[in-house]
Amino acid sequence: MKFLIGYDIADNRVRSHVAKYLEGKAYRLQYSVFLFDGTEREAREIREVLLALTETKEGCALFMAPMCEACCARIWKVGRMKEEASVCIVA
C-alpha cells in the first residue's frame, strides 16, 4: 500500500533529521512531501519514529495518508518532482 507523508517543522535541526530519515524510507515528491510504498506495519514503524523525532518540539505538524491503487492512479502532477532530477538508472 502507498502512503503520502508530509510535515511542517519550523526547527531546522528536527526538520533535517525527519527529512534524512524519510529519504531512506520513501520517495521524495516535494521538500516536505514523500510517497512511501510498503506494509501497514512498516507505516506504523515510520509513524513511531517520526513521533519520536518530533515529540519534544512544538510547532511540528505531521501527516500520513493511506492511498489505494485507484487513488494513486488518479494522482495529477505538473513539473519535475524533487527526486526525479537526480534519479540515475543503470542497466
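Higher on the page you've got the structure.
Rules and cut-offs
- Residues numbered from 1 in each chain as written.
- Predicted model: local features only at pLDDT ≥ 70, side-chain atom pairs only at ≥ 80, totals over all residues.
- Heavy atoms only, no water.
- Helix = DSSP H or I, 4+ residues; strand = E, 2+ residues; numbered from the N terminus.
- Buried < 20%, exposed > 50% of the residue type's maximum accessible area, 1.4 Å probe, protein only.
- Polar contact = N/O pair within 3.5 Å; in protein donor to acceptor, adjacent residues only side chain to side chain.
- Pairing = 2+ DSSP bridges.
- Axes fitted to C-alpha atoms, helices over the stretch in contact; angles between N-to-C directions.
- Contact = heavy atoms within 4.5 Å.
- Disulfide = S-S within 2.5 Å.

Attention now goes to the side chain of Arg 28. By secondary structure assignment, the location of Arg 28 is in strand β2 (residues 27-30). Overall, Arg 28 belongs to the buried group, its relative accessible area being 8%. A distance of 3.3 Å separates the side chain of Arg 28 from the side chain of Tyr 7, its partner in a polar contact.

On to the sheet that holds strand β1 (residues 2-9). On the basis of which strands lie adjacent, the open sheet formed by four strands has the order β2-β3-β1-β4 and antiparallel pairing. Because the sheet does not close on itself, it has two edges, and the strands there are β2 and β4 (60-67). Neighbour to neighbour, the strand axes of the sheet diverge by 25° on average, direction disregarded. Pairing of β2 with strand β3 (residues 33-37), which is carried by three bridges, proceeds in the antiparallel orientation. Following the sheet pairing, Tyr 27 is matched in β3 by Leu 35. Strands in contact with helix α1 (residues 12-23) are β1, β2, β3 and β4; relative to β1, the strand with the most contacts, it is inclined by about 165°. Together, β1, β3 and β4 form the strand contacts of helix α2 (residues 40-54), whose direction differs from that of β4 by roughly 175°.

Here the focus is the state of the cysteines. Scanning the entire structure with this criterion turns up zero disulfides. Sulfur of Cys 68: no disulfide; nearest cysteine sulfur belongs to Cys 71 and is 3.3 Å away.

Honestly, that's just the spatial picture; any functional story needs more than this.
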